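# What the coordinates show
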Amino acid sequence: HIKVMTRKLNLSIAEQNKKSRMASLGEMAGGIAHEINNPLQLISAHAHSLKRALKQPVLDHEKTDRSLKIISDTVERIAKIIRGLKSLSRDGSQDSFLESSLDSIIDTTFLICSEKLRTHGIFIQVVKSEENINIDCRSVQISQVLLNLINNACDAVINEENKWIMLEFSKIENNLVFKITNSGSKIPEEIANRLFTPFFTTKAEGSGTGLGLSISMAIIHSHKGSIEIEFENEHTCFVVTLPLLQEGTDQALLASA
């Protein structure tokens, strides 16, 4: 009987995991639509400009080439936004661990959440100890964790007078350590100790599933890493530690050879 109940609970959590991920993306759908709508208007404007240019007796090749390049670059920007959305909306738990660029993980995440940050006037700063950091990971899942933490930080500072989020990435020995700090006051320890418990949430009813941090913790643990709160900080600060190399991957085997 206990095994049956455990199985049902695991299925329920898995289903809520999917709903939580989709709810997080759905919340940003308006922002993503805005991200796509602006470049579409730009494409439309240059298309009309080209149409008028073709009716002229003499074609201005320089102006035409410039408009065509803007259209091409803008189409690629829209394609990147859509690729990022498709990537972050799928379940990456069965993906292989592959060497991934930290920059690409950050870029994919920002494609989805940047408009929400702009809309609410939240300043975000990214600090990296060095460029071109690579890490063995399931990149989709790490992007999902980063997205969840940024989204939570955004919700925490929306009503603050001074709205900012800082992301700090550094290599410490064989680990990637990243801190996500926001301008909100620190979380009381009695609440902080329950934040990673499934279904616990500090958000208003209907505003959160209470699964985001517990799912993020499960993802980080599956990467043999850790996620915790830095209580010494005067603001809310989450610290994620991930090994740069996962045991058994090609990069790990090369490093140990």
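That block above? That's the structure.
So, here is what we can say about the structure in this document. All of these numbers come straight from a predicted model, not from anything done at the bench.

Calculation rules
Residues numbered from 1 in each chain as written. Predicted model: local features only at pLDDT ≥ 70, side-chain atom pairs only at ≥ 80, totals over all residues. Heavy atoms only, no water. Helix = DSSP H or I, 4+ residues; strand = E, 2+ residues; numbered from the N terminus. Buried < 20%, exposed > 50% of the residue type's maximum accessible area, 1.4 Å probe, protein only. Contact = heavy atoms within 4.5 Å. Areas by Shrake-Rupley, 256 points an atom, 1.4 Å probe, with all protein chains shown as cover. Core = buried A, V, L, I, M, F, W, Y, C linked by side-chain atoms within 4.5 Å. Pairing = 2+ DSSP bridges.

### Points about the overall build of the protein chain
Within the protein chain one finds eight helices and seven strands. Residues counted as buried form 39% of the 257 residues belonging to the protein chain. Considering only residue pairs separated by 6 or more positions, the protein chain has 74% of its internal contacts joining residues 24 or more positions apart. With the model as given, the accessible surface of the protein chain reaches about 15000 Å², and the carbon-plus-sulfur share is 54%.

### Examining the nonpolar core
If you look at the biggest cluster of nonpolar residues, it comprises 36 residues, and the most contacted ones within it are L149, I165, L176 and F178. Looking at this core, the elements with two or more residues in it are α4 (102-119), β3 (134-137), α5 (139-157), β4 (164-172), β5 (175-185), α7 (212-222), β6 (226-229) and β7 (235-243). The greatest single-element share of this core, amounting to nine residues, is contributed by α5. Not counting the four nearest positions on each side in its chain, L149 is found in contact with F178, I180, L213, I227, F238 and V240. Of all hydrophobic cores here, the second largest spans seven residues; its members include L50, I71, I78 and I81.

### Topic: the pairing of β6
Alternating positions in β6 separate cleanly, I227 and I229 being buried on one face and S226 and E228 remaining unburied on the opposite face. Note that β6 and β7 share four bridges and pair antiparallel. Note that in β7 the partner of I227 across the bridge is V240. The turn linking β6 back onto β7 is made up of five residues.

### Regarding the environment of I70
Inspection of the secondary structure puts I70 in helix α3 (residues 61-88). Distance from I70 to H46, taken between C-alpha atoms, is 7.9 Å for residues 24 residues apart in sequence. Discounting chain neighbours no more than four positions away, the residues touching I70 are L42 and H46.

### What about the pairing of β5?
Across the 11 residues of β5, eight count as buried, placing the element largely inside the fold. Both β4 and β5 contribute to a ladder of eight bridges, which runs antiparallel. Across the sheet, residue F169 finds its bridge partner in β5, namely F178. Hairpin connection of β4 to β5: two residues between the antiparallel strands, including E173 at a positive phi of 55°. Strand direction decides the pairing type here: β5 and β7, joined by nine bridges, are antiparallel.

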